[in-house]
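Each chain, written out:
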Amino acid sequence: RSSARVLGSYYLATSNGSLSENEASALSVVLLLGTISGMAIAGNLFTSWNSRQRKRLITRLYIVTIFSCYLLSILAIPRVQRIFDETGLIVTFQLVVTFAMGFGTSVQPYIPGLVGASFGHNKGVFAAYSDGIANALSYMVWRIVNGAVSGQSSSI
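Reading the values: rules and limits
Residues numbered from 1 in each chain as written. Predicted model: local features only at pLDDT ≥ 70, side-chain atom pairs only at ≥ 80, totals over all residues. Heavy atoms only, no water. pLDDT = per-residue confidence, 0-100. Helix = DSSP H or I, 4+ residues; strand = E, 2+ residues; numbered from the N terminus. Axes fitted to C-alpha atoms, helices over the stretch in contact; angles between N-to-C directions. Parallel < 35°, antiparallel > 145°, perpendicular 65-115°, else oblique. Contact = heavy atoms within 4.5 Å. Nonpolar A, V, L, I, M, F, W, Y, C, P; charged D, E, K, R; others polar. Core = buried A, V, L, I, M, F, W, Y, C linked by side-chain atoms within 4.5 Å. Buried < 20%, exposed > 50% of the residue type's maximum accessible area, 1.4 Å probe, protein only. Patch = residues over 30% accessible without salt bridge, like charges linked within 9 Å, V, L, I, M, F, W, Y side chains within 5 Å. Areas by Shrake-Rupley, 256 points an atom, 1.4 Å probe, with all protein chains shown as cover. Salt bridge = Lys/Arg side-chain N within 4 Å of Asp/Glu carboxyl O. Phe/Tyr/Trp six-rings, centres within 6.5 Å; stacked < 30°, edge-to-face > 60°. Lys NZ or Arg CZ within 6 Å of the ring centre and 35° of its normal.

Trainee: Outline the confidence of the model for the protein, listing residues and values.
Mentor: For the protein, per-residue confidence averages 84 on the pLDDT scale, and residues scoring 70 or more make up 94% of the total. No element of the protein has a lower mean pLDDT than helix H7 (residues 111-116), at 73, and none a higher one than helix H3 (residues 29-48), at 92.

Next comes the structure, spelled out in structure tokens:
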């Protein structure tokens with residue numbers, strides 16, 4: 001996961017010098033802990049629930065993930081950090097949000113494999129199509145979030 005590699009730099013850049021490089025990179029393990037917790041809790045629920053309950057679970061996990069990404073962006077804004085005026089408190093918030101983000105992304109990577117299995121000999125076509133759609137949607141969401149955080153207009 002590339003997000004785990006980026007988180008160390010994020011923590012270092014937003015800690016205002018209160019974290020060393022080693023400490024900042026070590027904190028990225030919180031994402032992994034959230035993912036493992038999500039797989040243990042949400043993964044078990046996903047496998048034991050019916051289709052309607054699964055859809056609701058996935059929707060809620062996506063909401064948690066999106067909300068977490070926005071919160072991490074907001075917590076990186078210097079004006080927000082000055083409001084709290086306590087770097088340790090900001091880092092604590094960031095760790096809690098990172099854990100939630102890991103929890104929220106724990107089940108979704110396995111869904112394409114489950115759906116793709118029903119396509120028989122056309123699994124490769126399904127994988128390529130779903131990957132292309134995911135990249136296009138990610139690009140659009142990234143442009144919007146980048147514009148919101150940087151304060152610039154983002155045209156898709």
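Trainee: So what about the packing of H3 against helix H4 (residues 51-75)? Which residues, and what values?
Mentor: One can describe the packing of H3 onto H4 by two numbers: an axis separation of 9 Å at closest approach and a directional angle of 155 degrees. Considered as vectors, H3 and H4 are oriented roughly antiparallel to each other. Facing Ala42, Leu45, Phe46 and Thr47 of H3, the residues of H4 in contact are Arg54, Leu57, Ile58 and Leu61. Of the residues that constitute the contact of H3 with H4, the class distribution is six nonpolar, one polar and one charged.

Trainee: Mind laying out the nonpolar core, listing which residues take part and the relevant values?
Mentor: The biggest cluster of nonpolar side chains holds 14 residues, and the ones touching the most others in it are Leu7, Tyr10, Tyr11, Leu19, Leu72 and Leu75. Counting residues per element, the ones that place at least two in this core are helix H1 (2-14), H4 and helix H6 (87-104). Take this core: its biggest share by element is four residues, from H6. Those residues in contact with Tyr10 that lie beyond four places of it in its chain are Leu72, Leu75, Ala76 and Gln94. Within the second largest apolar cluster, six residues are counted, among which are Ala42, Phe46, Ile58 and Leu61.

Trainee: Quick rundown of a nonpolar patch on the surface? Include the residues and the values.
Mentor: There is a patch of nonpolar side chains on the surface, built from Tyr62, Ile66, Tyr70, Ile74, Ile77 and Ile144 and spanning about 520 Å² of accessible area. Of the residues forming the nonpolar patch, the biggest block, four residues, is contributed by H4. By the secondary structure assignment, Ile66 is in helix H4.

Trainee: Explain the environment of Gly104 residue by residue, including any values.
Mentor: As for its placement among the helices and strands, Gly104 is situated in helix H6. For Gly104, a relative accessible area of 0% puts it in the buried group.

Trainee: So, the packing of aromatic side chains: which residues are in play, and what are the values?
Mentor: The final tally for this structure, using the stated rule, is one aromatic pair. A cation over a ring is seen here: Arg54 above Phe46, with NZ or CZ 4.8 Å from the ring centre.

Trainee: How would you summarise the side chain of Gln94 if you had to cite specific residues and measurements?
Mentor: By the secondary structure assignment, Gln94 is in helix H6. Apart from the residues within four sequence positions on either side, Gln94 is in contact with Tyr10, Tyr11, Thr14, Leu72, Leu75 and Gln81.

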